[in-house]
Amino acid sequence: MRGFVRWMGVFLCIVLLCSTADAARQTRKGSAKAAPKTVRKAAPPAPPVSFICIEAESGMVLAEENADRVRPPASMVKMMLMLLVSEGLEKGSWTLDKTITISKTVEETNESQVFLTEGEQFTLSELMNAVAVCSANDAALAVAEGLWGSEADYIAAMNKRAQELGMKDSLFQTPHGLPTGAGKPTDMTTARDMAILAQQCVKHPSVMQWVGQQELKFRPGQGSRFNTNKLLWTVPGCDGMKTGFTNAAGWCLTATVQRDGMRLITVVMGFTDKNTRFATAARLLDTGFSSVERTLVIAKGQRMNVPVQVMNCATPTVQLVAENDIWVTLPKSAAKGVEVVPRQPEMIQAPAKAGSVMGEVQVKLDGRVLASTPLALTDSLTAAGWKWKLQESVRRTGIGLRRSRQLEQTS
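I will try to describe carefully the structure that is included in this document. Just so you know, these numbers come straight off a predicted model, no measurement behind them.

Definitions and cut-offs
Residues numbered from 1 in each chain as written. Predicted model: local features only at pLDDT ≥ 70, side-chain atom pairs only at ≥ 80, totals over all residues. Heavy atoms only, no water. Helix = DSSP H or I, 4+ residues; strand = E, 2+ residues; numbered from the N terminus. Buried < 20%, exposed > 50% of the residue type's maximum accessible area, 1.4 Å probe, protein only. Salt bridge = Lys/Arg side-chain N within 4 Å of Asp/Glu carboxyl O. Pairing = 2+ DSSP bridges. Phe/Tyr/Trp six-rings, centres within 6.5 Å; stacked < 30°, edge-to-face > 60°. Core = buried A, V, L, I, M, F, W, Y, C linked by side-chain atoms within 4.5 Å. Polar contact = N/O pair within 3.5 Å; in protein donor to acceptor, adjacent residues only side chain to side chain. Contact = heavy atoms within 4.5 Å. 1 Å grid on protein atoms, 1.4 Å probe; cavity = no way out; pocket = protein on both sides within 12 Å on 5 of 7 lines; lining within 4 Å. Points joined across faces, edges and corners; volume = space filled by probe spheres on them. Nonpolar A, V, L, I, M, F, W, Y, C, P; charged D, E, K, R; others polar. Axes fitted to C-alpha atoms, helices over the stretch in contact; angles between N-to-C directions.

**Overview of unusual backbone geometry**
Turning to step 1, where the next piece is worked out: Going from Ala 350 to Pro 351, the amide bond is cis rather than trans, its omega being 5°.
Turning to step 2, where the next piece is worked out: Notably, Asp 260 is not glycine yet its phi reads approximately 50°, a positive angle.
Turning to step 3, where the next piece is worked out: Mapped onto the fold, Asp 260 is located in the loop between strand 8 (250–259) and strand 9 (262–271).
Turning to step 4, where the next piece is worked out: Judged by relative accessible area, which is 71%, Asp 260 ranks as exposed.

So, in structure tokens, the structure goes:
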């Protein structure tokens, strides 16, 4: 009997434990059903990329997409610093051996840098090489302070120059392109405006010398720093110009290539991968070169077909000549649409010296001026003497009399 009771107790315990476990499972199921589902929010889509490819001399657009979308340029903003420094060199405002002393603010500049320290001194040449090759933010700020007196005065100068160049969608806040902080305005521009800026940069040998270097030893004893523009190694004819990256800007690049006397510029902005920006830029440049050709439209010394009347001179008319060759780079499909438009005076008053500029000849495509050159006299025009003037007066009088008689006969 005791055994039976003992086994019944064990049996009841087992039943009780099973019931408790089942209840717990039901409770868990109910809780799982009742719990709200966690919904993962999808990351916002990246803004579309922007790009443009132009012919450097005329600015003719060969390809573009979202070229007027306003977005941050990151370190590509340093191209404006290169342009302004180069223009100042050409005006004599400063020299490359000018010494610049590093401030505490410069020392505290972060991200890409050459680790300048307060109190150090460097030449303008050394700092500009660091800006172009290493994309050094601290060097960019040092130049801005050293040449313009303050960062604020430099920013005012860069925005003034941007407006002069027609960069209508650009407003700059920094000399280097770094984020300005939450709630503060940041550098903004477009691919088209960056192409306009690059057009100016390629005209200056000092800028092209800075951006064309593949590597730089900034401090004695230190290893080489390599240019951030990898197209300098991979694309034939590439000799500049500037990369950029921030989280807000994405991966950006302005690049220029010269081949067979032609120069193209491309700007790519907003890429999510740094290598894709290089590949896209290289493809745009290669496609651009395959679609254009260089053509001599006007030869130096070529005479204009329409003669110009000369007053007070024994020479009644002259044909003006082009002072220079006019070469233009055009899409192969557009060559037949080129117009040659002389802009000449209605008459020339003698005396006039040989070589005097008397107008210009323009080369146009679809109404847009691609290039021009002055028109000049090939020979001097001597004022007529009294004998010629008398003969001319008699001649004109005779012409007048003949016309009067003709009128009388017809009336």
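So much for the structure itself; the text now carries on.
**Overview of helix 7 (residues 191–201)**
Turning to step 1, where the next piece is worked out: In terms of residue burial, helix 7 counts as a mostly covered element, since nine of its eleven residues are buried.
Turning to step 2, where the next piece is worked out: What helix 7 keeps buried is the set Ala 191, Asp 193, Met 194, Ala 195, Leu 197, Ala 198, Gln 199, Gln 200 and Cys 201.

**Let's talk about the pattern of salt bridges**
Turning to step 1, where the next piece is worked out: Following the criterion strictly, the structure yields twelve salt bridges and no others.
Turning to step 2, where the next piece is worked out: Residue Lys 168 is joined to Asp 169 by a salt bridge in which the shortest nitrogen-to-oxygen separation is 3.2 Å.
Turning to step 3, where the next piece is worked out: Here Lys 168 falls in the exposed class, since its relative accessible area comes to 64%.
Turning to step 4, where the next piece is worked out: Asp 169 gets classed as partly exposed once you look at its relative accessible area, which sits at 26%.
Turning to step 5, where the next piece is worked out: The partner of Asp 239 in a salt bridge is Arg 263, with the nearest N and O atoms 2.9 Å apart.

**Points about the sheet that holds strand 12 (residues 317–318)**
Hydrogen bonding along the main chain pairs the strands of a sheet, whether they run parallel or antiparallel.
Turning to step 1, where the next piece is worked out: One open sheet accounts for three strands, arranged 12-11-16; its pairing is mixed. Pairing within the sheet leaves two strands with one partner each, and these edge strands are strand 12 and strand 16 (347–349).
Turning to step 2, where the next piece is worked out: In terms of strand pairing, strand 11 (residues 308–311) meets strand 16 through three bridges, oriented parallel. What sits directly across from Gln 309, in strand 16, is Met 347.

**Some details on the packing of aromatic side chains**
Working definition: an aromatic ring pair is given by the centre-to-centre distance plus the angle between the planes.
Turning to step 1, where the next piece is worked out: Applying the stated criterion across every chain yields a total of five aromatic pairs.
Turning to step 2, where the next piece is worked out: One aromatic cluster is present, built from ring pairs that chain together Trp 94, Trp 148 and Tyr 154.

**Describing the nonpolar core**
Turning to step 1, where the next piece is worked out: Met 80, Val 85 and Leu 116 are the most contacted members of the largest nonpolar core, which totals 64 residues.
Turning to step 2, where the next piece is worked out: Broken down by secondary-structure element, the contributors of at least two residues to this core are strand 1 (50–55), helix 2 (78–91), helix 4 (124–134), helix 5 (137–148), helix 6 (151–164), helix 7, helix 8 (205–211) and strand 9.
Turning to step 3, where the next piece is worked out: With 24 residues, the next largest nonpolar core counts Met 60, Leu 330, Ala 334 and Ala 350 among its residues.

**Some words on the side chain of Glu 55**
Turning to step 1, where the next piece is worked out: With respect to the element layout, Glu 55 can be found in strand 1.
Turning to step 2, where the next piece is worked out: Reaching out from Glu 55, the side chain makes a polar contact with the side chain of Ser 58 at a distance of 2.8 Å.
Turning to step 3, where the next piece is worked out: Glu 55 has contacts with Met 60, Leu 62, Gln 199, Arg 263, Leu 264, Arg 294 and Thr 329, leaving out every residue within four places of it along the chain.

**Describing the layout of surface pockets**
Turning to step 1, where the next piece is worked out: If you add up the space inside the largest pocket, you get close to 620 Å³.
Turning to step 2, where the next piece is worked out: Along its surface, the largest pocket is lined by 31 residues, and Ser 75, Glu 111, Asn 137, Leu 178 and Phe 245 are the ones closest to its centre.
Turning to step 3, where the next piece is worked out: Among the elements of the structure, helix 6, strand 7 (238–246) and helix 10 (274–291) are those that each provide at least two residues to the lining of the largest pocket.
Turning to step 4, where the next piece is worked out: Counting residues per element, the lining of the largest pocket draws most heavily on strand 7, which supplies five residues.
Turning to step 5, where the next piece is worked out: Of the residues in the lining of the largest pocket, the class split is eight nonpolar, 16 polar and seven charged.

**Observations concerning the sheet that holds strand 2 (residues 61–65)**
Turning to step 1, where the next piece is worked out: What the five strands build is an open sheet, ordered 2-1-9-8-7; its pairing is antiparallel. Strands with a single pairing partner mark the edges of an open sheet, and in this sheet they are strand 2 and strand 7. Each strand of the sheet is rotated relative to its neighbour by a mean of 5°, with strand direction disregarded.
Turning to step 2, where the next piece is worked out: Where strand 8 lies against strand 9, eight bridges are found, and the strand directions are antiparallel. When the sheet's bridge partners are listed, Thr 254 is paired in strand 9 with Val 267.
Turning to step 3, where the next piece is worked out: Here helix 7 sits on the sheet in contact with strand 1, strand 2, strand 7, strand 8 and strand 9, set at roughly 35° to strand 1.

**Digging into the pairing of strand 18 (residues 368–376)**
Turning to step 1, where the next piece is worked out: As defined by bridge partners, strand 13 (residues 321–322) adjoins strand 18 across two bridges and the pair is classed as antiparallel. Pairing of Val 321 across the sheet is with Ala 376, part of strand 18.
Turning to step 2, where the next piece is worked out: Examined bridge by bridge, strand 17 (residues 357–365) and strand 18 share eight bridges and lie antiparallel to one another. Considered in strand 18, the bridge of Lys 364 is made with Val 369.
Turning to step 3, where the next piece is worked out: Counted between consecutive antiparallel strands, the loop separating strand 17 from strand 18 contains two residues, among which Asp 366 sits at a positive phi close to 55°.

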